[in-house]
Amino acid sequence: MFACRLPWRRSSVTCKLWQSGHFLPWGRCQMLSIKGINTTVGQEQQASMKEKQVSEDLEMRLPRRDAEVLFQEQPETGNQYLEDTLLRSYLKTHLPPKVLEEVHQDLERFGNRLLTKIQPLSWECELNPPVFQQYNAWGQRVDHIHTCSAWRRMKEISAEEGLIAEAYEKRYSNWSRLYQAVKLYLFSSSSGGFSCPLAMTDGAAKVIESLGIPGSLKNAFDRLTSRDPEKFWTSGQWMTERRGGSDVANGTETMARKQPDGTYRLYGFKWFTSAADSDMALTLARIADAEGQCTQGSRGLSLFFLRVRDEEGKLNNIEVQRLKDKLGTRQMATAELWLQGARAELISAEGRGVAAISNMLNITRIHNVIGAVASMRRMISLSRDYACKRMAFGKLLKDHPLHMQTIARMEVQVRGAFLLLMEIVRLLGLAETNLASEQEQLLLRLLIPVAKLYTGKQASAVAVEAMESFGGQGYMEDTGLPVILRDALVLSIWEGTTNILSLDVLRSLAKSQGQAMAVFLSTVQKKLELASGTEELSPAVQRAREAIGSLRQFLAAAGSERALTMELAARDFSYSLARIYTGALLMEHAARPDASRTDVCAALRWCNQELCPVAVESGRGSYEEGAALQDSALVLGNSRL
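Residues numbered from 1 in each chain as written. Predicted model: local features only at pLDDT ≥ 70, side-chain atom pairs only at ≥ 80, totals over all residues. Heavy atoms only, no water.

Looking now at the overall build of the protein. Looking only at helices and strands, the protein features 22 helices and 16 strands. By residue count, 52% of the 641 residues in the protein fall in the buried class. In the structure as shown, the protein presents an accessible area of about 30,600 Å², 52% of it carried by carbon and sulfur atoms. (Helix = DSSP H or I, 4+ residues; strand = E, 2+ residues; numbered from the N terminus. Buried < 20%, exposed > 50% of the residue type's maximum accessible area, 1.4 Å probe, protein only. Areas by Shrake-Rupley, 256 points an atom, 1.4 Å probe, with all protein chains shown as cover.)

Right under this line is the structure:
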C-alpha cells in the first residue's frame, strides 16, 4: 500500500546557547570570569583544571546530545478513493452495475496515480509559483508568465485523465457528469491549484456547447474537451474590471469595436484574470456604435471569445500589468491585463452576454463546491491519521474523547457537503442528457447557489478547526497544512460571495414564481417519507419536519412583508435551505438497506443543529426595519462617514 506524506521535515531541538557546535553553560561562563580576579597561581590552576574537566564532560556528552531530536509522526493518506467509504457507498447505491464496475477500476487506478505521481507535483507547484517577466535582457517588452514544469505537467495529466472530456463524451449517459465530478473531487486536493483553470475550462466548454458549437468555435470546443495533452486547451474567464466585485452590469468598461471583417477589437482593463497563462478566454464587453457610444447596464454586455496568443506565442494585443499578490492559490497566475485592441469574436447575441455566461457560472460554482468538499475531506483524513500516531499526555490523540469529538463534528459536516455535491451533479447529468423533469431543473437552479455559498463557509471553518487539531505543527508552512487553509478561504469569495449568492437564491425563487420552493419542499418530504421507515432515524425525521413547518410559516409571513425583510433574511434563509436539504440527503443515505451505523449517526447529528435559523432570527425581529437601522448604528455609529 502506498502512502502519501505531507512535506514535513524532522527538526532537531537546538539550544540557542550552542555556538559553532559547542555548548556554553552558564557555569562555565562564571568560571571564565575569575580570570580577571587577583588570585593565587594555585587557585588559577585549580580553576583551569575544573574548566577543563567541564569541557571534557561536555565533549563526551556531545554525540548523545547531538543525536537527540524532537520529531512527530507525519500524517499519511493512502489511495483516496479506496479510503473514502462514503464515496464508494454512494457510487454503489446509485450507479448502474455495469457503470460501477468500469468506474471502480478507473478510480482505483486514478487513486494510485494521485498518490505516487500527482501529489508530489502539487507540492512543486506550491514551491514554484509563477513569475512575471515584463522585459527581456535587451529591454524589449515580452510580458512572459513563467510557470514551473510541475504546473505544465498538471495540464497534461488533466487531459490524459479526461477531467473535462468525461462530461462531454457522455460515455455513461447521465452519469458522466457525476463521474467527472468524482474524479475532480479526488484530483482537487492534489492538483496544486490546477483545479481552478479546469473550472473555467469546463465552464467555457459548457457555454460553447449551449450555443450549439458553431463552426467558428468547433476547434476551441474540441481542444477544451480533448484527451490529447498536445491539443488540450484551458480557458480563462475575464469578468472582473477595475471597479471589481460581482456587479458586472455596472462595472464593465471594456469596449468592443467592430472590424470590417466581422471580428471585434477589445479595449479595456481586466483587473482580475485567473489562469492568465490559459490558451483562450471568454470575456464581457460593450459594443460601441458608430459614434463610439455604448449601452450601459446588463443590456449593453455581450460575450466574446478570444485567443490569448497567436500561433507563434505572441500576445493578442494584450499587456500584462502585473501578477496579483494573493493570500492563497498562489500556484496559479492571476493577472491584471490591458486589452489594447485584442482581436475577438462575438459569440452571444448582442446585449445577451450575461444570459450567455450564466451556463459558465453554474459550472464554475459547482467546481467551487467540489473544491470545498475535497479540501475538507483532505484535512480530516490527515487529522484522523495524525490522531492515530501522535502521543500526548501519555496516550494517542485518538484515545482522548474530546479530540475525537472535535474531528467527528467535522466529519459530519463533510459528509453532508459531499452528499449535497453528489445531488447537484446527479441533477446536472440528467439535465444535460434531456432526462431531467421541469421540477428537477428548477431544483438544480436553486441548489447550485445554495450549495456554493454553504460549502464555501464550511470549508473555511473545517480548515481552521482541522489545523488546530495538529497543534503547533498545523501552523508550520513546511507541513503543507497552511496551504490548504489559504486556498480554502477563496471558496466563499470566488464566483459570488455568500451575500451575493443569497440574493441569487431569492431571485431564483422569484423567477420561478414560487415553483422552485414548492419543488424543494416536496422533494424533501419524499426523502423524509423514505427515511421514516428506519426507526433509528425517527428523531432526525421529526426535527426535519418541524424545520419544514417553521420554514413554511416564515415564507407565509414574509409574503406580506416589505422587500427589506427578505433581503435581510436572505443569508439565514439560504442556510436554512442548505441544512434542511442536506439533512434529508443524509437520512436518505442512512435509510439504505446496507447503511452503516455511522451513516445513521451522521444523519442524527446533522439534524441536532438548528435546521431553520431563518425562523429563529425572524422570531427575534432580526429582519425588521428597526433591526436594519440598528445594524447601521452598530457599524457606523462612531464613524465619521
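Another point: the nonpolar core. Of all hydrophobic cores here, the largest spans 158 residues; its most connected members are Leu91, Phe520, Leu551, Phe573 and Met587. Looking at this core element by element, the count peaks at 16 residues for helix H12 (residues 353-387). What Met587 contacts, discounting residues up to four positions off in sequence, is Leu528, Ala531, Leu537, Ala540, Val541, Ala544, Ala603 and Cys607. Among the nonpolar cores identified, the runner-up in size contains 22 residues, and Leu315, Val320, Ala333 and Leu337 belong to it. (Core = buried A, V, L, I, M, F, W, Y, C linked by side-chain atoms within 4.5 Å. Contact = heavy atoms within 4.5 Å.)

With respect to the helices and strands, the residue Ala342 is situated in strand E14 (residues 335-346). Between the C-alpha atoms of Ala342 and Arg265, which are 77 residues apart in sequence, the distance is 5.2 Å. Setting aside chain neighbours within four positions, we find Ala342 in contact with Tyr264, Arg265, Leu266, Asn316, Asn317 and Ile318.

Turning our eyes to something else, we now look at helix H18 (residues 538-558). Over its 21 residues, H18 extends 30 Å from the first C-alpha to the last, a length consistent with the 30 Å expected when each residue adds 1.5 Å. Every buried residue belonging to H18 is among Ala540, Val541, Ala544, Ala547, Ile548, Leu551, Phe554 and Ala558, and all of these are buried. One side of H18 carries all its buried residues, which in axial view fall inside an arc of 140°. Opposite the buried face of H18, at more than 90 degrees from it, the exposed residues are Gln553 and Ala556. Contacts made by the buried residues of H18 are with helix H17 (515-531), helix H19 (563-590), helix H20 (597-606) and helix H21 (613-619). (Expected span 1.5 Å × (residues − 1). Arc of directions from axis to C-beta.)

Secondary-structure assignment places Ser381 in helix H12. Residue class for Ser381 comes out buried when judged on its relative accessible area of 10%. Ser381 sits 85 residues away from Ala466 along the chain, and the two C-alpha atoms are 9.7 Å apart. There is a polar contact of 2.9 Å between the side chain of Ser381 and the backbone oxygen of Arg377. (Polar contact = N/O pair within 3.5 Å; in protein donor to acceptor, adjacent residues only side chain to side chain.)

A separate point is unusual backbone geometry. Although it is not a glycine, Ile213 adopts a positive phi angle of roughly 50°. Within the secondary structure, Ile213 sits in the loop between helix H9 (195-210) and helix H10 (218-224). Of note in this structure, Asn434 is not a glycine but carries a positive phi near 60°. Structurally, Asn434 is set in the loop between helix H13 (401-432) and helix H14 (438-468).

Bringing the side chain of Lys206 into the picture now. In this structure, Lys206 sits in helix H9. Here Lys206 falls in the buried class, since its relative accessible area comes to 12%. In this structure, Lys206 is in contact with Tyr168, Arg177, Asn359, Ile363 and Glu432, ignoring residues within four places of it in sequence.

It is worth spelling out the packing of aromatic side chains at this point. Applying the stated criterion to the full structure yields 14 aromatic pairs. Ring plane angle 35° and centroid distance 5.5 Å describe the contact between Phe520 and Tyr581, whose orientation is recorded as tilted. Taken together, the residues span a long stretch of sequence, with Phe520 in helix H17 and Tyr581 in helix H19 at a distance of 61 residues. Note on accessibility: Phe520 and Tyr581 belong to one class, buried. Among the aromatic residues, ring-to-ring pairing joins Tyr90, Tyr185 and Phe418 into one connected group. The ring centre of Trp271 lies 3.5 Å from the NZ or CZ of Lys324, which sits over that ring. (Phe/Tyr/Trp six-rings, centres within 6.5 Å; stacked < 30°, edge-to-face > 60°. Lys NZ or Arg CZ within 6 Å of the ring centre and 35° of its normal.)

Counted under the stated rule, the structure contains 46 salt bridges. Residues Lys92 and Asp594 are paired through a salt bridge, measuring 4.0 Å at the closest nitrogen-oxygen approach. Separated by 502 residues along the polypeptide, Lys92 in helix H4 (residues 85-94) and Asp594 in the loop between H19 and H20 bring together distant segments of the chain. Among the salt bridges present, the one from Glu161 reaches Arg109, with a minimum N-O distance of 2.7 Å. With Glu161 in the loop between helix H6 (149-160) and helix H7 (165-169) and Arg109 in helix H5 (residues 97-127), the pair connects residues that are 52 residues apart, well separated along the chain. Assessed through its relative accessible area of 37%, Arg109 is described here as partly exposed. Put simply, Asp106, Arg109, Arg113, Arg153, Glu156, Glu160, Glu161 and Lys183 are held in one network by salt bridges that share partners. (Salt bridge = Lys/Arg side-chain N within 4 Å of Asp/Glu carboxyl O.)

To describe two helices that pack against each other, one gives the angle between their axes and the distance between the axes. Put simply, H12 and helix H15 (residues 481-489) touch, their axes get as near as 10 Å, and they point 155° apart. When the axes of H12 and H15 are compared, the pair comes out roughly antiparallel. Handedness of the H12/H15 crossing: left-handed. Between H12, through Ser375, Arg378, Met379 and Leu382, and H15, the contact on the second element is made entirely by Leu481, Ile484 and Ala488. (Axes fitted to C-alpha atoms, helices over the stretch in contact; angles between N-to-C directions. Parallel < 35°, antiparallel > 145°, perpendicular 65-115°, else oblique. Left-handed = near helix turned anticlockwise from the far one by under 90°.)

The element strand E11 (residues 280-287) is largely enclosed, with a buried count of eight among its eight residues. Because side chains alternate across E11, one face comprises the buried residues Met280, Leu282, Leu284 and Arg286, and the other comprises Ala281, Thr283, Ala285 and Ile287, equally buried. For strand E7 (residues 235-238) and E11, the ladder comprises four bridges, and the chain directions are parallel. Residue pairing across strands places Gly236 opposite Ala281, the latter belonging to E11. As paired elements, strand E9 (residues 255-258) and E11 share two bridges and run parallel to each other. (Pairing = 2+ DSSP bridges.)

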